[in-house]
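Descriptive structure summary
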Amino acid sequence: MDVDVLVVGAGLAGLHTATLLARAGHDVLLAERRPRLVGAIRTTGIFVRRTLDDFALPPECLGPPIRRVVLYPPSLRRPVELVSDRDEYRVGDMGPLYVEAARTAAAAGVRVLLGTRYEGRGRTSFLLTGPDGPIRVRARFVVGADGARSRVARDLALDRNRHLLTGAEEVFAVPASDRPPTFHCVIDPAIAPGYLAWVVDDGRHAHVGVAGYADRFPHGMRRALARFSAAAPGLDGVRRPGVDCVDGDEAAEAAGVERRGGPIPVGGVLRRISCVDGLLVGDAAGAVSPLTAGGLDPCLRLSEHAATVLDEALRAGRPDALAHYDGGALRAHFRGRLALRRGLARVRTPVVATAAFALLRTSPGRSATRRILFGDASFPDRPHRKYSR
Ligand SMILES: Cc1cc2nc3c(=O)[nH]c(=O)nc-3n(C[C@H](O)[C@H](O)[C@H](O)COP(=O)(O)OP(=O)(O)OC[C@H]3O[C@@H](n4cnc5c(N)ncnc54)[C@H](O)[C@@H]3O)c2cc1C
């Protein structure tokens, strides 16, 4: 096959980049190893207000708005409650959302190949393996939208993510109730070393998860999740399916629990994310907030920038246009958040977490936390077209 652009990976970054390029008139092939986009989901899917304002995500794929955040110390006692007067978050129904985004991409002219793995780069072409065997693709440019451990980044000799958290969560339906939709966060390095444990309950689904540095979970992440899940805050009176399915994913699924998980790059945007043959977007480029570990807003914004640069390069026939796609320049924007990430990484014991929590209870502590949770800071804006279906 001969195409203008080969995009590897149909997460939101790959789907959005491919759609924008096809709309600009380019011939785009999108290869995704997952046979079905509703399976093997790796994200909780919390979209922040700025994303909801700037990108036209399908409303039927979004849960009810969340305005309330409750933060807990390791003891779970005397939590801090923060309530915004605006709708701050909505949780995406990610399977249908990916399917809808793929439909949009196909309608724009993208050839979407599911069940098709990118295997590597040859001298003159890229090798994919699909359900019917190998496919050789000659592409002017390749886009690595293949996640935190990007194979494309390796093949293009670009920078690769080294600073990673690992997260895992369980998702299950909850019965309608009068509980206000709430994002509960527990700061306890014994169950979530270097990050948070969470319960997101939007009144339709509950997501119960932990994330942290993989080598710091004393008994492994699965055990930490099971321990947290057994006493997770905010779910009093909610019938919990599959609580005894500690190891078996299939048994959990049969009980109505979906298990998700994966790596989260938190070292900031990588410096070298483009070369004359292509570029990286989304997690592959390290485009995740080092502090909150949110990557959905950054992946959509960086995709807009990537599509603009690739469009220019294809129109002008000048691969050096990709030099404008510079991770170093974007990285500068995250200095403060990288410093806070280093601070969070140093909270290694429940005693330190409890002491840090005392600061959070003060008036300046609460204001700073409100700014992080409800503020307008986001990935740097680029001139972009509104994302529409
Ligand atoms: C447990 C967890 C919870 C999270 N929760 C949130 C949240 O609530 N809000 C938020 O903003 N961020 C969250 N994040 C981060 C966010 O999910 C990611 O930053 C975002 O999804 C990245 O999108 P992406 O398209 O770059 O990568 P991905 O969504 O990872 O997509 C990469 C795609 O590439 C495919 N692929 C990989 N290798 C190949 C190959 N060789 N050939 C073909 N296809 C390939 C994969 O199958 C995948 O579909 C979370 C992350 C984790 C792990």
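Since the structure is predicted, the reported quantities are computational estimates derived from the model, not experimental observations. (Residues numbered from 1 in each chain as written. Predicted model: local features only at pLDDT ≥ 70, side-chain atom pairs only at ≥ 80, totals over all residues.)

1. Comments concerning the pairing of strand β9 (residues 126-130)
Bridge count between strand β8 (residues 117-121) and β9: four bridges; the pairing is antiparallel. Its bridge partner lying in β9, Arg 121 is registered against Phe 126. Linking two consecutive strands that pair antiparallel, namely β8 and β9, is a turn of four residues. Note that β9 and strand β10 (residues 133-144) share five bridges and pair antiparallel. Bridge pairing in β10 links Thr 129 to Pro 134. Linking β9 back to β10 in an antiparallel pair, the connection comprises two residues. (Pairing = 2+ DSSP bridges. Helix = DSSP H or I, 4+ residues; strand = E, 2+ residues; numbered from the N terminus.)

2. With respect to the sheet that holds strand β12 (residues 182-186)
Read across the sheet, seven strands follow the order β5-β4-β12-β13-β14-β11-β15 without closing on themselves; strand pairing throughout is mixed. Whereas interior strands pair on both sides, the edge strands pair on one side only; in this sheet they are β5 (80-83) and β15 (258-265). Along the sheet, successive strands turn relative to each other by an average axial angle of 15°, direction set aside. As paired elements, β12 and strand β13 (residues 197-201) share five bridges and run antiparallel to each other. Residue pairing in the sheet places Val 186 in a bridge with Ala 197 of β13. Where helix α5 (residues 221-230) meets the sheet, its contacts fall on β11 (164-173), β13 and β14 (205-212), and the angle it forms with β14 comes to roughly 135°. (Axes fitted to C-alpha atoms, helices over the stretch in contact; angles between N-to-C directions. Contact = placed C-beta atoms within 7 Å.)

3. Considerations on the packing of helix α1 (residues 12-23) against helix α7 (residues 296-316)
The packing of two helices is summarised by the inter-axis angle and the distance between the axes. As a packed pair, α1 and α7 sit with axes 8 Å apart at the nearest point and diverge in direction by 30°. Taken as axis vectors, α1 and α7 run roughly parallel relative to one another. Taken as a pair, α1 and α7 cross one another with a handedness that is right-handed. Touching Leu 12, Ala 13, His 16, Thr 17, Leu 20 and Leu 21 of α1 are Leu 296, Cys 299, Leu 300, Ser 303, Glu 304, Ala 306, Ala 307, Leu 310 and Asp 311, all from α7. Residue composition of the contact of α1 with α7, by class: ten nonpolar, three polar and two charged. (Parallel < 35°, antiparallel > 145°, perpendicular 65-115°, else oblique. Left-handed = near helix turned anticlockwise from the far one by under 90°. Nonpolar A, V, L, I, M, F, W, Y, C, P; charged D, E, K, R; others polar.)

4. Thoughts on the confidence of the model for the protein chain
Residues of the protein chain with pLDDT of at least 70 account for 96%, and the chain-wide mean is 92. The model gives residues 383-389 a pLDDT under 50, and that stretch makes eleven contacts with residues more than four places away or in other chains. (pLDDT = per-residue confidence, 0-100.)

5. A short note on the nonpolar core
Core analysis: the largest hydrophobic core is formed by 104 residues, its most contacted members being Val 5, Leu 6, Val 28, Leu 30, Val 143 and Val 281. Residues in contact with Leu 30, not counting those within four places in the same chain, are Val 7, Ala 10, Gly 14, Ala 18, Ala 105, Val 110, Arg 111, Val 112 and Leu 113. (Core = buried A, V, L, I, M, F, W, Y, C linked by C-beta atoms within 7 Å. Buried ≥ 20, exposed ≤ 12 C-beta atoms within 10 Å, placed from the backbone.)

6. Here we look at unusual backbone geometry
Not every positive phi belongs to a glycine, and Ala 157 is a case in point at roughly 55°. Structurally, Ala 157 can be placed in the loop between α4 (151-155) and β11. Positive phi is not limited to glycine here, since Ala 293 has a value of about 65°. Within the fold, Ala 293 resides in the loop between β17 (278-280) and α7. According to the C-beta neighbour criterion, Ala 293 is partly exposed, with 18 such atoms within 10 Å.

7. Focus on the environment of Leu 156
Relative to the helices and strands, Leu 156 is located in the loop between α4 and β11. The spacing of Leu 156 and Thr 44 is 112 residues in sequence and 30 Å in space, taken between C-alpha atoms. Those residues in contact with Leu 156, other than ones at most four positions away along the chain, are Gly 144, Cys 275, Asp 277 and Gly 278.

8. Regarding the site of the ligand
Around the ligand, the surrounding shell holds 37 residues, and the nearest of these are Gly 9, Gly 11, Thr 43, Gly 282 and Gly 295. Contributions of two or more residues to the shell around the ligand are made by α1, β8, β11, β15 and α7. Ranked by the residues each element gives to the shell around the ligand, the list is headed by β15, at four residues. Here the residues of the shell around the ligand sort into twelve nonpolar, 14 polar and eleven charged. (Near = placed C-beta within 6 Å.)

9. Examining α1
Between its terminal C-alpha atoms α1 stretches 16 Å, which fits the 16 Å expected from twelve residues at 1.5 Å a residue. The buried fraction of α1 amounts to eleven of the twelve residues, a majority that puts the element mostly inside the structure. Within α1 the residues assigned to the buried category are Leu 12, Ala 13, Gly 14, Leu 15, His 16, Thr 17, Ala 18, Thr 19, Leu 20, Leu 21 and Ala 22. In the core, the buried residues of α1 are packed alongside β1 (2-8), β2 (28-31), α3 (94-108), β10 and α7. A positive phi of about 100° marks Gly 25, the residue just after α1. (Expected span 1.5 Å × (residues − 1).)

10. Observations regarding the UniProt feature "domain: FAD-binding" (unreviewed entry) in the protein chain
The UniProt feature table records "domain: FAD-binding" (unreviewed entry) at residues 105-178. With 12% helix and 47% strand, residues 105-178 has its two end C-alpha atoms placed 38 Å apart. (UniProt positions renumbered as here; feature names shortened; annotations may be inferred.)

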